[in-house]
Structures are given as C-alpha cells and as structure tokens.
Amino acid sequence: MKISKENLVRLWHHKWAFGGVVAFLSGVFALILATQFDTLELKSYDTRFAIRGAMETEQDDIAIVAIDEESIKALRIWPFPRVYWARLIKNLYDAGAKLIIVDVEFTDVSGNPNYDLQLAGAIKRAENVILAGQIDTKFDARIKGGRISDLQPPLKMFTENTGALWGLGNVDEDVDGFIRRYLLYQPYNRRPYFPLSMQAYLLLRHGGIAKGNINYEDDGHFVIRQKRIPKHDANSMLVNFRGPAGTFPTYSFSSVLDDADFDLGQEDSDIFEIWRKDGVFQDKIVFIGASAEPLQDNKLTPFFKYRGRQKKLPGVEVHANALSTILRGDFISTQSGGVYILTVFLLAGIATVLTRLLKPFRGLFAVLGLIFFFLIIALYVFINHRVWVDVVAPSFGIILSFVGNVVHQTLTEQRERVRIKKSWQQYMAKDVIDAMLEDGKLPQFGGERRELTVLFSDIRGFTTFSERHSSHEVVSRLNEYLTEMVDVVFKHTGTLDKFVGDEIMAVFGAPHYFKDHAEKACLTALEMMERLRALQKDWIGKKQDYFEIGIGINSGKVILGNLGSSQLFDYTVIGDDVNLGARLEGANKQYGTAIIVSEATYRMVRKKARARELDLVRVKGKKQPVRIFELLGMNGLPQTEQDMLIEVYSQALEHYKALKWYQALKEFKRILKHFPNDGPTRVYIKRCLDFMETPPSDNWDGVYDFKTK
C-alpha cells in the first residue's frame, strides 16, 4: 500500500488498525527504553529473591569458617601468621572435612619462611585443599584495548609441591555493584582458568579436570560431562542464592583454632574439641574467607535488603552459594531472546485491545491489572521453575501502548465530539449533546425501536395570515416565533426533528434517552404557550396581528434512525405513534383547545399533570379508539380552574357518558359562567343538545370519529 497522506488519515481513523501500529511501536520503544533502565530490571530480579525467601542448606554439607571481627580481636593480629593457617587446615582435616577451600590468596612469601613451610606441610597432608588466586585486570589507556590482565596464582610451594588445586577468587559485579552472576571460567592467554567453586565441583565429582569432557559452547550451556549449566552471558551463570549472610553454618576462624593445644587467653574455651567430638565438620565442604567489614570483602547481593535489614554477603559465601547451585543443579535460566521480544509485543497488543474496548479510566485499571497479573506470573515462574522473566520491557510496552491508544482515542473522540456537536447543535441543546457524548450513547444510524415522546405544534390560520401580510413580514414574524419555540424545546432537552412550514416537530428521549421524556414534553408545551402569550402581548402593543397555535403530544414506541434516500437523508422518527401525535395537534381545532395529550402520555405524567379528559376518539387511519386529554398545567392550577375545569367538568363528563344529557348540560353550563370561552365545554353542550333532540343508537360506544387528519 502506498504511504500517502490519504492512507495515513485512513489509518488514523481505523481504530483497530491504528491500535495495531501503536502496539508495534510501543513494543519497539519498550525494548529500546528497557536498555536504558537495565538496573530497574536487576532490582526486580532481587525482589523475587526477597519474596521467595531463604532456602534450607543442610543438604549441601557446606560450612563457612569466617575471618570475622571476633577472630581479629581474639588473635590480636592481622594478617594472621601462616602458622595459624597451617593449624586451621590441620584441625579441619582432623575433624573430617571433605574439602577445604581457602578464599584467601597466598601469592607472596611471608616474613617467616618456617611458617610457609608449615602451611605447605599442612596442605600436603590434607590432600583436599583448594587455594585461591586471581586474574588482576587493570585499565591502561596506553595499551590497545585499554586493559591489561595479570595472572596471580598461589606460590608454587603451596600447589606444585603439595598437589593442591587452585581456583580464581574473582567475582563479577553488575552495573549497579551487585553480584548476581558467577564466572564459570576466565580466559587468560587462550587458556581457561576456573573459579573456586567450579574447581571444587570438578574435584568432588570428577577428581579434577579431564580434557575433552568440557564443552564451552553448547547452545547456551557450559557442559561438564552430564552437567549442563545454563550460561547467563559468555562465561557466567546466575547464582541461585540460598539466603542472606549466615544462611550456611558459620564458625569463627579463632574458634576453629581453639583446640586443647591453642591458647586464646581470656577467650580460650577449647570449643573446637567439642565440635570435633560432635562431628561438626565431618564430611563437610568448608569455605574459609573474610567476613569482617574492615577487610572489605563483603558484597552486595539480591538478599542485601531482606526482612527489613540491610546486610552484605561475605565474598566467601558467594563461592559457597555458587557451589551449592552447581551441586544441586537448580540453576536459574533466562527466557530466550525470541520469547522475550514476543512477550513484549504480545502484552502491548493485549493492552491495546483492553484500552480500545474500555474507556480510558476503566482501561487504566485493566492495564494495571494486566501488569500485576504478568508480575505474578513472572514471580511464579521464577519461584517454581527458576526462570528469570524480564518484566521491565513488557511493562513499558503495556504502559506505552495504553498511553498511545488513550492519546489517539482522546484526539479522535475530541474530533468526533466537535463533529457531532456541529451536526446536532441545530437540533438540540448543548447540554443534551454533552450528556449524550458523556454517556457514549451516540445515535444508531442503522435504526432502532424506542419508547419516547413526540410533540407537534402548528400555527392556526397561518395561510390566511400569510395572505394578509408581506413576505418580509411573514418571514420575520415566523422567525421570531420559531426562535422562541425552539429555545423552549432545547431548554427542556428536546430534539428539534424538523420544521414543516410553520409546523414544529420535536422529539423527547432521542437520540439521548431520558426516562422523563413525557414530562419534559408537557413542560415544553406549557412554556411554549407562555412564550406565545408574551409574543402576542408584544405584537398587540405594536398593533400587529397575532396568531394562535395548537400542540399535540403522544408517547409510544417509534422507529428512529437515518431515513431518506442515498442522496439525502435525515435523522428522524416514524411510526403510528408519531402519526397520532400529529393528529392530536390537529384535534385542537375540534375542541378549541391549545394542548392535547394522548392517554399514553397522560399515564406517564398523571402524578404531576393537571389535565381533563376530552374524549374517546378514533383518528383517521386507525380502528382502535384513543382517549385524549387537555393539558392545563403541571403541579397545580388556580383554585377556580381546578374547581370548574377539572372537578365540575369531570362530573359533567360522567353524566354525558351515562347518557344523562340534562344533568350533563346543567353542569357544563355552570362552567360557562366562569369560563365562557371554554372550547370543550361548548363542544359538549352542543352534543348534549343534539342527543336530547336525536338520541344515539343503542349500540353507541361513545367514540367520536375524526373525518379529517
């Protein structure tokens, strides 16, 4: 499809097509934006650990010997003489330790060669010690690549002369300084070097490194024989941390030295003899490392903030957690790139659908619920399946999709509101248009059936009036009159359907529906008469001719919608109940009345309306008779009108229906004494006189037939 201005406009107005574009662009921008907020995703990852909580570690058979503040205080020296290290290794070996991993570097000779020899002897005797080295990387702008690495292994007297293995003590921090990953190996001079925990695993499970049994590149995994370790990046895995600091059983360095032959002075308790007897270290994997804060080897991990406390994790426990993860095999993996991208676009699409189906306010709660549901799913998958599902980019996608669609909806709806207001402001009041737009119940141009009220008004003798006056005066007077009448219709939330010459047709309850449509129509009719009286008074004052009007009102089910030809159509109402309203307007001529309402309308307003029954009539074109009423007022009448036009008139009409012509005539004449020009009374006086002279037939049903429209 050619990208043109017309196509873009067409796309803009097609809400679902444009919504799809918004969802796609939201997904793209969410992926880009997430790269700028990578620390936010890392924090969400940490939160999942805090929610999951600490895990049991008994099955790991791992213990920590910590160089803590208590040890430094008890031994009163730092660094510790290597003779202390020799005694420590000896005591652990004698206590049955399966493996001793020392996370302290012995890369230089000490000031006492004899102590070095004693340490080497203890390592050789134990035959289960792994020492620490490191690759020291420095940044140097003078060197190509800007980095220089230096391998610093333990002294050869501690490894080659003893047969001990060694591993790297390096740990890698993320951009926010937290440790979540663990290096599986580090290349140096095209050779891989393994960290302490990997070296420990190889020694425990495979007796050391066996060439040909390690695959560094296997579909995102680091493979050691049958063990497949999912890689987080090129050479690291995610550590499934067991808990905060102290999750593994931890013992002070000085306490392990405190056997029967070692004097700790005032702190001496020979506690290690009890531990040896109880088998505390029997078959344990023992990590030895610093935990004292002054030694600066404590790290930030996902459990840094846990249960209201903030505490760093000793670096030696990072290695212990990594080994526990490898031994158990409960690795944390990440979703594939394809699934990650698909999730972002899928959720952005769902957000588009929710926003389009719901209004912005409800849509906001829907997308917030979608985000919450997605976060719950991500948490469930992490806890139960150990998969790290990225939540930041999908959440951004949902939010951007919501915002984009709401902006589009707002702009298009605003434009549509302006269009609707321009289309309908000639037919109804501004408040009604606003209410219709607020409800979102716009006209159904395909047509619908609805119960509402129609009002017709017409000028009496307008043809004669037109013949007696100039065209300019006729138009001027008609415009003045119609302006006042339409203003009343709009005031009472009516809709101006059309002008037919001097006739006005108004609808109440469409296109914006309200329950009290009949009452609104009656109030409109009464005020139209009041406005007409004011106009008449003004015209008389100017010595101008004036005219009268008749109003007919009916309520019922009608068909409303766009009616007409394909070239010209209009929003209007049709049906028998519409036609009856027009007939009632004309019936005013028969009775000398101003406002006639049908029985259907009267039933809806009878609690407030002051009306009197006029007749039971059969209009032209209908077989069923209709009871009609004259509307005199709403919510009260002057006492004389109430007594004469309502009470006495009702008694007279009952006599008339009972064929008591004389009694009816007597009561009707009482009314003429007070209201000599009352049209209905004069009509019934004439009928009574006629029936007294020529009684009706025996099958007379009291129905009066209109011969004309």
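All values reported here derive from a predicted model rather than from experimental measurement.

We now examine the overall build of the protein chain. For the protein chain, the count of helices and strands is 23 helices and 29 strands. The proportion of buried residues among the 709 residues of the protein chain is 49%. For the protein chain, the share of sequence-separated contacts (at least 6 apart) that also reach a separation of at least 24 residues comes to 72%. Taken as a whole, the protein chain presents about 36100 Å² of accessible surface, with 53% of it coming from carbon and sulfur.

Across the chain, the bulk of peptide bonds are trans and the bulk of non-glycine residues have phi less than zero. Backbone torsion omega between tryptophan 78 and proline 79 reads 0 degrees, so that peptide bond is classified as cis. Following alanine 510, the chain continues into proline 511 via a peptide bond in cis, with omega recorded as -5 degrees. In this structure, proline 511 sits in the loop between β23 (503-508) and α18 (517-541). A positive phi angle is found at aspartate 270, which is not glycine, with a value near 55 degrees. Along the chain, aspartate 270 turns up in the loop between α9 (253-257) and α10 (271-278). Despite not being glycine, arginine 386 has its phi angle at roughly 55 degrees, a positive value. Mapped onto the elements of the fold, arginine 386 is located in the loop between α13 (360-385) and β20 (387-388).

Inspection of every chain in the model, using the stated rule, returns 41 aromatic pairs. Ring centres of tyrosine 84 and phenylalanine 262 lie 5.5 Å apart, and the angle between their planes is 80 degrees; this geometry places the pair in the edge-to-face category. On the criterion of sequence distance, the pair formed by tyrosine 84 in helix α5 (residues 82-94) and phenylalanine 262 in the loop between α9 and α10 is long-range, its members being 178 residues apart. On the basis of relative accessible area, phenylalanine 262 is assigned to the buried category, the value being 11%. Chaining the aromatic ring pairs together yields one cluster made of Trp78, Phe80, Tyr84, Trp85, Phe106, Phe158, Phe253 and Phe262. Above the face of the tyrosine 684 ring, arginine 687 is positioned so that its terminal group lies 5.1 Å from the ring centre. The ring of tyrosine 704 has arginine 687 sitting right over it, with the charged end atom 4.5 Å from the ring centre.

Looking now at the pairing of strand β11 (residues 227-230). A regular strand places its side chains on the two faces of the sheet in alternate fashion. In terms of strand pairing, strand β10 (residues 221-224) meets β11 through 4 bridges, oriented antiparallel. Within β11, the residue paired with valine 223 across the bridge is arginine 228. Joining the antiparallel neighbours β10 and β11 is a turn of 2 residues, in which arginine 225 adopts a positive phi near 55 degrees.

Relative to the helices and strands, aspartate 68 is located in the loop between β1 (62-67) and α4 (69-75). With no salt bridge to any partner, buried aspartate 68 finds its closest opposite charge in lysine 311, at an N-O distance of 9.7 Å. Engagement of the side chain of aspartate 68 in a polar contact is seen with the side chain of serine 252, the distance being 2.6 Å. Apart from residues no more than four positions distant in its own chain, aspartate 68 is found in contact with Ser252, Ser291 and Ala292.

Following both chains from N to C, one finds helix α22 (residues 661-674) and helix α23 (residues 679-693) inclined at 155 degrees, their axes separated by 9 Å at the closest point. What the angle tells us is that α22 and α23 run roughly antiparallel. With respect to the hand of their crossing, α22 and α23 are arranged in left-handed fashion. Seen from α22, the contacting residues are Trp661, Ala664, Leu665, Phe668, Lys669, Ile671 and Leu672; seen from α23, they are Thr681, Arg682, Tyr684, Ile685, Cys688, Leu689, Phe691 and Met692. Classifying every residue of the contact of α22 with α23 gives 12 nonpolar, 1 polar and 2 charged.

Of note, asparagine 128 is situated in the loop between α6 (113-126) and β3 (129-139). A polar contact is formed between the side chain of asparagine 128 and the backbone oxygen of alanine 97, at a distance of 2.9 Å. Ignoring anything within four residues of it in the chain, the contact list for asparagine 128 reads Tyr93, Ala97, Lys98, Leu99 and Ile100.

This paragraph deals with the confidence of the model for the protein chain. Per-residue confidence for the protein chain gives a mean pLDDT of 88; residues scoring 70 or more make up 90%. The low-confidence segment residues 1-13 (pLDDT under 50) makes 11 contacts with residues lying over four places distant or belonging to another chain.

Taking burial as the measure, the 9 residues of strand β28 (residues 626-634) include 7 buried ones, the bulk of the element. Of the pairings in the sheet, the one linking strand β26 (residues 595-598) to β28 comprises 3 bridges and is antiparallel in character. Bridged to valine 597 within β28 is phenylalanine 629. Both strand β27 (residues 609-618) and β28 contribute to a ladder of 8 bridges, which runs antiparallel. Counted as the bridge partner of valine 617 is valine 626 from β28.

We now examine α23. Helix length check: α23, at 15 residues, gives a terminal C-alpha distance of 22 Å against a target of 21 Å (1.5 Å per residue), a fit within 8%. All of the buried residues in α23 are Gly679, Pro680, Thr681, Val683, Tyr684, Ile685, Arg687, Cys688 and Phe691. Contacts from the buried residues of α23 go to α19 (576-591), β27, β28, α21 (639-657), α22 and β29 (703-705).

Turning our eyes to something else, we now look at helix α17 (residues 471-491). Taking 1.5 Å of rise per residue, the 21 residues of α17 would be expected to cover 30 Å, and the 30 Å separating its terminal C-alpha atoms lies within 8% of that figure. What α17 keeps buried is the set Val474, Arg477, Leu478, Tyr481, Leu482, Met485, Val486, Val488, Val489 and Phe490.

Inspection of the secondary structure puts serine 324 in helix α11 (residues 315-328). Placed 263 residues apart in sequence, serine 324 and aspartate 61 show a C-alpha to C-alpha distance of 9.1 Å. Setting aside its immediate chain neighbours within four residues, serine 324 contacts Asp60, Ile62, Arg242, Phe248 and Asp330. Here aspartate 60 takes part through its side chain, which lies 2.9 Å from a polar atom of the side chain of serine 324.

In this structure, Trp85, Leu92, Phe253, Phe281 and Ile288 are the most contacted members of the largest nonpolar core, which totals 48 residues. Per-element accounting of this core gives the leading share, 7 residues, to α5. Each residue touching tryptophan 85, except ones within four places of it in the same chain, is listed here: Ile67, Phe80, Val102, Val104, Phe106, Leu119, Phe253 and Ile288. If you look at the next biggest cluster of nonpolar residues, it comprises 45 residues, including Ile224, Phe248, Val318 and Phe382.

Below, the discussion takes up the pattern of salt bridges. Applying the stated criterion across every chain yields a total of 37 salt bridges. Salt-bridge contacts for lysine 90 lead to aspartate 94; the nearest nitrogen and oxygen are separated by 3.1 Å. Here lysine 90 and its partner aspartate 94 are both found in helix α5, 4 residues apart, which amounts to about one turn of the helix. Between aspartate 615 and arginine 687 there is a salt bridge whose closest N-O contact spans 2.8 Å.

Scoring rules and cut-offs
Residues numbered from 1 in each chain as written. Predicted model: local features only at pLDDT ≥ 70, side-chain atom pairs only at ≥ 80, totals over all residues. Heavy atoms only, no water. Helix = DSSP H or I, 4+ residues; strand = E, 2+ residues; numbered from the N terminus. Buried < 20%, exposed > 50% of the residue type's maximum accessible area, 1.4 Å probe, protein only. Contact = heavy atoms within 4.5 Å. Areas by Shrake-Rupley, 256 points an atom, 1.4 Å probe, with all protein chains shown as cover. Phe/Tyr/Trp six-rings, centres within 6.5 Å; stacked < 30°, edge-to-face > 60°. Lys NZ or Arg CZ within 6 Å of the ring centre and 35° of its normal. Pairing = 2+ DSSP bridges. Lys, Arg positive; Asp, Glu negative; His and termini not counted. Salt bridge = Lys/Arg side-chain N within 4 Å of Asp/Glu carboxyl O. Polar contact = N/O pair within 3.5 Å; in protein donor to acceptor, adjacent residues only side chain to side chain. Axes fitted to C-alpha atoms, helices over the stretch in contact; angles between N-to-C directions. Parallel < 35°, antiparallel > 145°, perpendicular 65-115°, else oblique. Left-handed = near helix turned anticlockwise from the far one by under 90°. Nonpolar A, V, L, I, M, F, W, Y, C, P; charged D, E, K, R; others polar. pLDDT = per-residue confidence, 0-100. Expected span 1.5 Å × (residues − 1). Core = buried A, V, L, I, M, F, W, Y, C linked by side-chain atoms within 4.5 Å.

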